[in-house]
Every structure is written in structure tokens, then in C-alpha cells.
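# Results of the structural survey
Single-letter residue listing:
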Amino acid sequence: VYLRLDDAYSYLTIQILHQLDEILVEGYRPLRVVVCTAPVSHYPRDLSAEDWLRYSLQDAAVLAKQHRFIFEVNSHPPDGLLIEQALYILRQSPLHGSDYLHLLQNVFHMLWQRQTGKLDTLFHMAQQHIASAQNTAQTTAQSTTQKTATTGQTGCKICNQTPLVSAKIDFAGRSYRA
């Protein structure tokens with residue numbers, strides 16, 4: 001699943017990832033989540049960035065109402081500083097699997113609902129976790145350092161690759177085109 005922290009459709013998608021993970025056929029497990037950070041190179045139907053933003057926010061509000069997702073009518077994507085904080089939290093998290101999906105969903109909610117106090121708290125906790133891990137690594141074996149470097153990446157990848165332009169999703173007997 002490809003997501004962007006500043007994308008309204010990704011915010012809707014994150015709200016059903018737990019359900020998707022539960023019904024995923026064994027051959028497709030574990031659920032892989034890719035958070036794309038690359039700038040968008042072009043928008044569907046050659047819309048401008050402003051036109052795409054206006055369209056996607058209005059469309060997401062309609063979809064949220066139809067499918068009982070959380071999405072405020074006057075929502076706006078988070079700014080770059082909040083996104084950087086969120087990416088740091090996600091990269092440094094020791095969580096994995098279902099717990100990581102729960103964190104990812106909470107981070108999306110914090111971004112889109114402008115819960116900056118909660119996001120700041122998680123950001124400082126992530127910084128303290130890394131500082132603590134670095135202090136521990138200096139006094140213990142190298143295996144601790146290797147564990148710290150790989151923690152939090154299981155099942156989720158944060159990358160700078162170009163996101164998908166469109167996709168078709170079949171879920172709960174309904175087809176979605178994004």
C-alpha cells in the first residue's frame with residue numbers, strides 16, 4: 001500500500017489498513033506499507049497542484065461521509081514541518097506489525113486534525129528513544145547498535161520514490177479507483 005502523509009486519499013486509506021491486514025491472504029502477508037516522500041511530479045488529468053488539492057479534498061470529504069471515515073469538511077494537508085516530525089517518529093519507532101499500523105494511523109490523525117501537541121510529544125519521545133539507544137550502544141555490544149538501526153522498518157518503508165499515479169482497489173464487495 002502506497003501512502004503520502006499529505007494526501008487526503010491516504011488519510012482515508014489508513015483508516016481501513018487494520019481491516020485489510022486482517023483479511024489479507026497468507027501469500028500476501030505481511031502487509032507492506034510504503035510512505036512516499038518524493039514531490040509529486042504530475043497530477044491526474046494534468047490538473048494544477050491547486051486544482052488537484054481542491055478536488056481531492058472535496059472528493060475525500062464526500063467519500064468519508066459515504067463510508068463513515070473520519071475527515072473534516074474543511075481539512076487541509078499538513079505543512080512540511082509537521083510531515084518531517086511525523087517521518088522522524090515513524091522512522092525511529094521500535095514498533096512493528098499491528099502496533100506499527102496503529103501508530104501510523106494515529107500519526108495520520110494527528111497530522112490531519114492538527115493535533116500538534118500530541119505530535120510534538122511523540123517527536124520528543126522518539127528523540128529520547130534514539131538518545132537512550134545511542135547511550136546504551138556505547139556501553140554494550142555492537143549487536144545493540146545493529147538492532148537500533150533496523151528497528152521500526154518491518155512492514156513499513158519510508159522512501160523517496162515516485163508514487164503510483166492510479167490504482168484500483170476491491171474491498172468489502174466494492175471497487176475503488178484512486
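Please read these numbers as outputs of a predicted model, since none were measured by experiment. (Residues numbered from 1 in each chain as written. Predicted model: local features only at pLDDT ≥ 70, side-chain atom pairs only at ≥ 80, totals over all residues. Heavy atoms only, no water.)

### Brief notes about the packing of aromatic side chains
The following threshold applies: The criterion for an aromatic pair is that two Phe, Tyr or Trp rings (for Trp, the six-membered ring) have centres within 6.5 Å, with stacked assigned to planes under 30 degrees apart, edge-to-face to planes over 60 apart and tilted to the rest. We count a stretch as a helix when DSSP gives it H or I for four or more residues in a row; a strand needs E for two or more, and each element gets its number in order from the N terminus. Accessibility here uses a 1.4 Å probe with only protein chains present; expressed as a share of the type maximum, an area under 20% marks a residue as buried, one over 50% as exposed, and anything in between as partly exposed.
This model, assessed by the stated rule, comprises 7 aromatic pairs. Both rings, one in Y9 and one in W52, keep their centres 6.0 Å apart while their planes meet at 45°; by these two values the pair is tilted. Placement of Y9 in helix α1 (residues 8-14) and of W52 in helix α3 (residues 49-67) is noted, with a sequence separation of 43 residues between them. Comparing Y9 with W52, the two get one shared label, buried. Of the aromatic side chains, those joined through ring pairs into one cluster are Y11, F71, F108 and W112.

### Some points on the pairing of strand β4 (residues 168-171)
Quick note on the threshold: At least two DSSP bridges between two strands are needed for those strands to be called paired.
In this sheet, strand β5 (residues 174-177) lies alongside β4 in antiparallel orientation, the contact comprising 4 bridges. The partner of F171 across the bridge, within β5, is R174. Counting the residues between successive antiparallel strands, the hairpin from β4 to β5 contains 2 residues, one of them, A172, with a positive phi of roughly 55°.

### Focus on the nonpolar core
Note the cut-off: Residues belong to one nonpolar core when they are buried, are Ala, Val, Leu, Ile, Met, Phe, Trp, Tyr or Cys, and are joined through side-chain atoms within 4.5 Å. Whether two residues touch is decided by their heavy atoms; if any such pair falls within 4.5 Å, the residues are in contact.
L5 and F71 are the most contacted members of the largest nonpolar core, which totals 33 residues. For this core, the secondary structure elements donating two or more residues are α1, β2 (33-36), α3, α4 (80-92), α5 (98-112) and α6 (116-139). With 9 residues, the top contributor of residues to this core is α5. With near-sequence residues (within four places) excluded, F71 lies in contact with A8, Y11, L12, L57, A60, A61, A64 and W112.

### Things to note about the pattern of salt bridges
Counted only if it meets this: Counted as salt bridges are all cases of a side-chain nitrogen of Lys or Arg within 4 Å of a carboxyl oxygen of Asp or Glu.
With the rule as written, the count across this model stands at 2 salt bridges. A salt bridge links R4 to D6; the nearest nitrogen and oxygen atoms lie 3.1 Å apart.

### Structural notes on the pairing of β2
By the alternation rule, side chains of β2 split into V33 and V35 and V34 and C36, which are all buried. Across 2 bridges, the pairing between strand β1 (residues 2-3) and β2 is parallel. When the bridges of β2 are listed, L3 appears paired with V35.

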